[in-house]
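Residues per chain, in single letters:
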Amino acid sequence: MSVQSKPVKLTPFGAALAGALGGCFSTAVVYPLDVAKTRIQALPKGKNKDAQSMLGVLIQVFKKEGIFGLYRGFGATMMNTFSMQYAYFFFYSMVRTSYMNRLLRKMPKGGKTPQIGTAMELILGAMAGALAQIFTIPVSVIATRQQVGKTKKTQSGASTPASSSSDEPEDDSFLGVAKEIVEEEGIGGLWLGIKPGLILTINPAITYGMFERVKNIVILANGTDKLSPGLSFLVGALSKTLATVVTYPYIMAKVRIQARSADVEEAEVEHHELPHKHEFHHKQYKHPGALDILMRVWKREGFVGWYQGMQAQIIKAVLSQALLFMSKDQFEKYAYVLMLVYSRITTVIDDMV
């Protein structure tokens, strides 16, 4: 039996579940690209051009680490994606619904439903993103470190991903990486990148604000009540590309803050002893912040360095976001069915009690 063809009205809980399911689906489809773009962003620019291209990194990872390397950190990333998307959609639906109800109370009866302006869409999206970041960033830090893997020093002094066949056995599991972060950074290390993360809440705000505005324009022009999958893909791709270009330097800085190589680079710049594994790293210096990293990259590589790996970021982000937008309506139906099933099960249990 098919789900109702008319638009599904979901509670904030249902909207959050639909967004989280859609986010996990889109991330899983493009996951190897996510690993490649994270490694390109995390490490300083090298002389090897293959190390800076998405295809080159994918081939290199497959040769050195096999198919497992392309899915390194998959579990943590799925957990991060689900929790982040769930939290974002939950808070976004909640604050947007609250704001709409406030507008409707001020409208005369029978009046036309008010439209939320672009500026307010951005504000509501940023508020939702900030709340989501605070609760979910520890999983993001762990996922980033798992994706980049262990690092080793080359003869030139640059940090590069170490082969999985390293002589030193390391616990790279979710709990193992979490323990390592607390040992080396303190409990606050689980929130590394929270400041640029909060600034980057403008990214989904721009994406969803732009998507909603363009979608409304296209719907009014076509006289329909929803976008076709093809138009959803194009509008989603355009929205995400714009958001990525605007915010990319902080995206790159956030990844480098969370990567294992950040403390090694900071020690070299400050001419301190290189940090030891599983020991507290910040007796002599602080963990570098986003501005520290951006200034360092500017001095070493110039303005272009701020956009290292942007092509990989856009390819991955656009594909993932477009898949999310295309599948959003379908996952809203799935969420609606799950909520109906859950409601009926709880009703049966209550009746039995």
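Presented here is a report on the structure given in the accompanying data block. Keep in mind it's a predicted model, so treat the numbers as computed, not measured. (Residues numbered from 1 in each chain as written. Predicted model: local features only at pLDDT ≥ 70, side-chain atom pairs only at ≥ 80, totals over all residues. Heavy atoms only, no water.)

## A few points about the pattern of salt bridges
In step 1: Under the counting rule described, the total for this entry stands at eight salt bridges.
In step 2: Here K37 and D34 are joined by a salt bridge, their closest N and O atoms 3.7 Å apart. Here D34 and K37 lie together in helix α2 (residues 31-42), a separation of three residues that amounts to about one turn. Grouping residues by exposure puts K37 and D34 together as buried.
In step 3: Linking D34 and K316 is a salt bridge whose minimum nitrogen-to-oxygen distance equals 3.7 Å. One end of the pair, D34, is in helix α2; the other, K316, is in helix α12 (residues 310-352), and 282 residues separate them in sequence. Here the two residues D34 and K316 agree in accessibility, since each one is buried. (Salt bridge = Lys/Arg side-chain N within 4 Å of Asp/Glu carboxyl O. Helix = DSSP H or I, 4+ residues; strand = E, 2+ residues; numbered from the N terminus. Buried < 20%, exposed > 50% of the residue type's maximum accessible area, 1.4 Å probe, protein only.)

## Describing the nonpolar core
In step 1: Core analysis: the biggest nonpolar cluster contains 25 residues, and I142 and I181 have the highest contact counts within it.
In step 2: Those elements that provide at least two residues to this core are α5 (118-148), α6 (174-185), α9 (229-258), α11 (290-301) and α12.
In step 3: Broken down by element, this core gets its largest block of residues, six residues, from α9.
In step 4: Once residues lying within four places of it in the same chain are set aside, the contact partners of I181 are V141, I142, R145, G186, G189 and L190. (Core = buried A, V, L, I, M, F, W, Y, C linked by side-chain atoms within 4.5 Å. Contact = heavy atoms within 4.5 Å.)

## Some remarks on the environment of V141
In step 1: Here V141 is to be found in helix α5.
In step 2: Considered as a pair, V141 and I181 are 40 residues apart in the sequence and their alpha carbons are 8.9 Å apart.

## With respect to a nonpolar patch on the surface
In step 1: Taken together, the side chains of F62, I67, F68 and Y71 define a hydrophobic patch exposed on the protein surface, amounting to about 440 Å² of accessible area.
In step 2: Within the secondary structure, F62 is located in helix α3 (residues 54-70).
In step 3: Using a relative accessible area of 46% as the deciding quantity, one classes F62 as partly exposed. (Patch = residues over 30% accessible without salt bridge, like charges linked within 9 Å, V, L, I, M, F, W, Y side chains within 5 Å. Areas by Shrake-Rupley, 256 points an atom, 1.4 Å probe, with all protein chains shown as cover.)

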